[in-house]
Amino acid sequence: MGFVGGMFKIIDTKRLNSQIVSWEVESGEITRHAKPGQFIVLRIDETGERIPLTIYDMDKTKKTISLIFQEVGKSTHKMGRLTTGDSILDLIGPLGHATDTRNFGSVLCVGGGVGSAPLFPIVRALIESGNDVTVVLGFKTADLIILEDRFKELFTRAGKEPKVFVTTDDGSNGTKGLVTDVMKKLMQTQKFDRGFAIGPLIMMKFAVAVFNSFGVPAIVSLNTVMVDGTGMCGGCRCTVGGQTRFVCVDGPEFEGAQVNFDELLARQNRYHRHEQHAMDLHKEHVCRLDR
Ligand code: FES
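Residues numbered from 1 in each chain as written. Predicted model: local features only at pLDDT ≥ 70, side-chain atom pairs only at ≥ 80, totals over all residues.

K.L.:
Please provide a residue-by-residue account of the overall build of the protein chain, values included.
P.N.:
Broken down by element type, the protein chain carries eight helices and 17 strands. In terms of overall dimensions, the protein chain is globule-like: its C-alpha atoms have a radius of gyration of 19 Å, near the 19 Å expected for 291 residues. For the protein chain, the spread of C-alpha atoms along the principal axes amounts to about 60 × 45 × 40 Å. Taking all 291 residues of the protein chain together, 42% fall into the buried category. Across the protein chain, contacts joining residues at least 24 apart in sequence account for 69% of those joining residues at least 6 apart. (Helix = DSSP H or I, 4+ residues; strand = E, 2+ residues; numbered from the N terminus. Rg over C-alpha atoms; globule rule 2.2 N^0.38 Å. Buried ≥ 20, exposed ≤ 12 C-beta atoms within 10 Å, placed from the backbone. Contact = placed C-beta atoms within 7 Å.)

K.L.:
Explain the environment of G96 to me, using residue names and the numbers behind them.
P.N.:
Within the secondary structure layout, G96 lies in the loop between β8 (90–95) and β9 (106–112). Residues G96 and V110, spaced 14 residues apart in sequence, show a C-alpha to C-alpha distance of 21 Å. When sequence neighbours within four positions are dropped, the list of residues in contact with G96 reads G37, Q38, F39, C248, G251 and P252.

K.L.:
Give a description of the sheet that holds strand β4 (residues 51–54) that names residues and reports values.
P.N.:
Judged by pairing direction, the sheet is antiparallel, and its three strands sit side by side in the order β4-β3-β8 without closing on themselves. Two strands lie at the open edges of the sheet, namely β4 and β8, each paired on one side alone. When strand polarity is set aside, the average angle formed by the axes of neighbouring strands in this sheet is 25°. (Pairing = 2+ DSSP bridges. Axes fitted to C-alpha atoms, helices over the stretch in contact; angles between N-to-C directions.)

K.L.:
Give me the lowdown on the sheet that holds strand β6 (residues 64–70), citing residues and values where you can.
P.N.:
The five strands lie next to each other as β5-β6-β2-β1-β7, forming an open sheet whose pairing is antiparallel. Either end of the sheet is taken by a strand with one partner, and the two such strands are β5 (57–59) and β7 (87–88). Where β5 lies against β6, three bridges are found, and the strand directions are antiparallel. Each bridged residue has a counterpart across the sheet, and for M58 the counterpart in β6 is I65.

K.L.:
Just give me the short version of unusual backbone geometry, but keep the residues and values in it.
P.N.:
Omega for the peptide link from G93 to P94 comes to -5°, which places this bond in the cis form. Here the bond from G251 into P252 is cis, since omega is 10°, no more than 30 degrees from zero. Take P252: it is sitting in the loop between α7 (247–250) and β17 (253–255). The backbone phi angle of K63 is positive, close to 55°, even though this residue is not glycine.

K.L.:
Tell me about the domain arrangement of the protein chain, and name the residues and values.
P.N.:
The domains assigned to the protein chain are domain 1 (8–95) and domain 2 (106–267). Taking only C-alpha atoms into account, the centre of domain 1 sits 21 Å from that of domain 2. Secondary structure elements with two or more residues in the side of domain 1 that touches domain 2: β3 (39–43), β4, β6 and β8. Class assignment for the residues of the side of domain 1 that touches domain 2 results in 11 nonpolar, six polar and two charged. (Domains from an automatic or database assignment. Nonpolar A, V, L, I, M, F, W, Y, C, P; charged D, E, K, R; others polar.)

K.L.:
Break down the nonpolar core for me, with residues and values.
P.N.:
Of all hydrophobic cores here, the largest spans 80 residues; its most connected members are I40, C109, V123, F196 and A207. Considering each element in turn, this core owes the most residues, eight residues, to helix α3 (residues 116–128). Both domains that meet at this core, namely domain 1 (8–95) and domain 2 (106–267), each give it at least three residues. For F196, the contacting residues outside a window of four places in its chain are V107, C109, V110, L119, I122, A218 and I219. (Core = buried A, V, L, I, M, F, W, Y, C linked by C-beta atoms within 7 Å.)

K.L.:
Mind laying out the confidence of the model for the protein chain, listing which residues take part and the relevant values?
P.N.:
Looking at the protein chain as a whole, the pLDDT averages 89, with 90% of positions reaching at least 70. Note on residues 284–291: pLDDT under 50 across the span, and zero contacts to partners over four residues away in sequence or across chains. (pLDDT = per-residue confidence, 0-100.)

K.L.:
Would you mind going over helix α5 (residues 179–189) in detail, with residue names and values included?
P.N.:
Those residues of α5 lying buried are V179, T180, V182 and M183. Summarising the axial view, the buried residues of α5 lie within an arc of 155°, below the 170-degree limit, and thus occupy one face. Residues of α5 that are exposed and point more than 90 degrees away from the buried face comprise Q188 and T189. As for α5, its buried residues are in contact with β9, β10 (132–139), β11 (164–168), β12 (175–176) and α6 (201–213). (Arc of directions from axis to C-beta.)

K.L.:
With reference to specific residues and values, describe the environment of A257.
P.N.:
Mapped onto the fold, A257 is located in the loop between β17 and α8 (261–290). A sequence separation of 69 residues divides A257 from Q188, and the C-alpha atoms of the two residues are 20 Å apart.

K.L.:
Lay out the packing of α5 against α6 in plain terms, naming residues and giving numbers.
P.N.:
Packing of α5 against α6 leaves a shortest axis separation of 10 Å and a crossing angle of 15°. Here α5 lies roughly parallel to α6, going by the angle between them. As for the relative orientation of α5 and α6, their crossing is right-handed in sense. Contacts between α5 and α6 involve V179, T180, M183 and K184 from the former and M203, F206, A207 and V210 from the latter. Class assignment for the residues of the contact of α5 with α6 results in six nonpolar, one polar and one charged. (Parallel < 35°, antiparallel > 145°, perpendicular 65-115°, else oblique. Left-handed = near helix turned anticlockwise from the far one by under 90°.)

K.L.:
Please provide a residue-by-residue account of the pairing of β8, values included.
P.N.:
The buried fraction of β8 is high, at five of six residues. Bridge count for β3 against β8 is four bridges, and the pairing is antiparallel. Residue pairing across strands places L42 opposite L91, the latter belonging to β8.

This is the structure we're talking about:
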């Protein structure tokens, strides 16, 4: 593990679109140890909740990590208001197991929305290992697309033709429809040896079903609610292969075919109601301040 506690300066912030923000954060020793697939848990201040975020990129010379997050709840909206030069209170990591990025042969990597960010370092490592990689990225609309050019750069830097397919739900960019539509088309004409899917639970559930139907083993990366990040609180539990596992210490990656997605989706819906309540209180609070 790198750091536990301390103040960590945000040295760059970028708003990638109306919902998604990227940060480059001073992270000291975390940079030295982090590998693709691993994550950190951060807390912006004493009252902030602990937010797990996968490390999207890092600069070992500057000792910084890059993080991408979507403003979906009270805490992430608060994070979105921090700017370059601000600091966050805690940064713990790297946590979780690193991704197995050996040479599998032909690999299909699927990212959904902000899940494209944790997929990025994995694709980079898979290309570096000599895999024949194809990437499918899915977004709701064109204005929510992130990292498409950066994924393409990974291929061109390696002297390969970019194989990056984008889908949008409304067809405003790329292929209209879901990532699973493009996956099926690709898998009908090419044999893949390994799959990766990272994104919303519902997307991973259906992506895994497609991989299964073509007999391709697939890895998913789970991003559950976390409290302590140490395997003690049980907040991030999930059922994998009929066994209770903890995303923070056993994951975040699991064999997709073994994950009980329905259980995770039911729990996510329960948390969503609480989050909505917190957001409503937060909005009220902001309104009073503005008067
Ligand atoms: S966050 Fe507490 S067990 Fe994983």
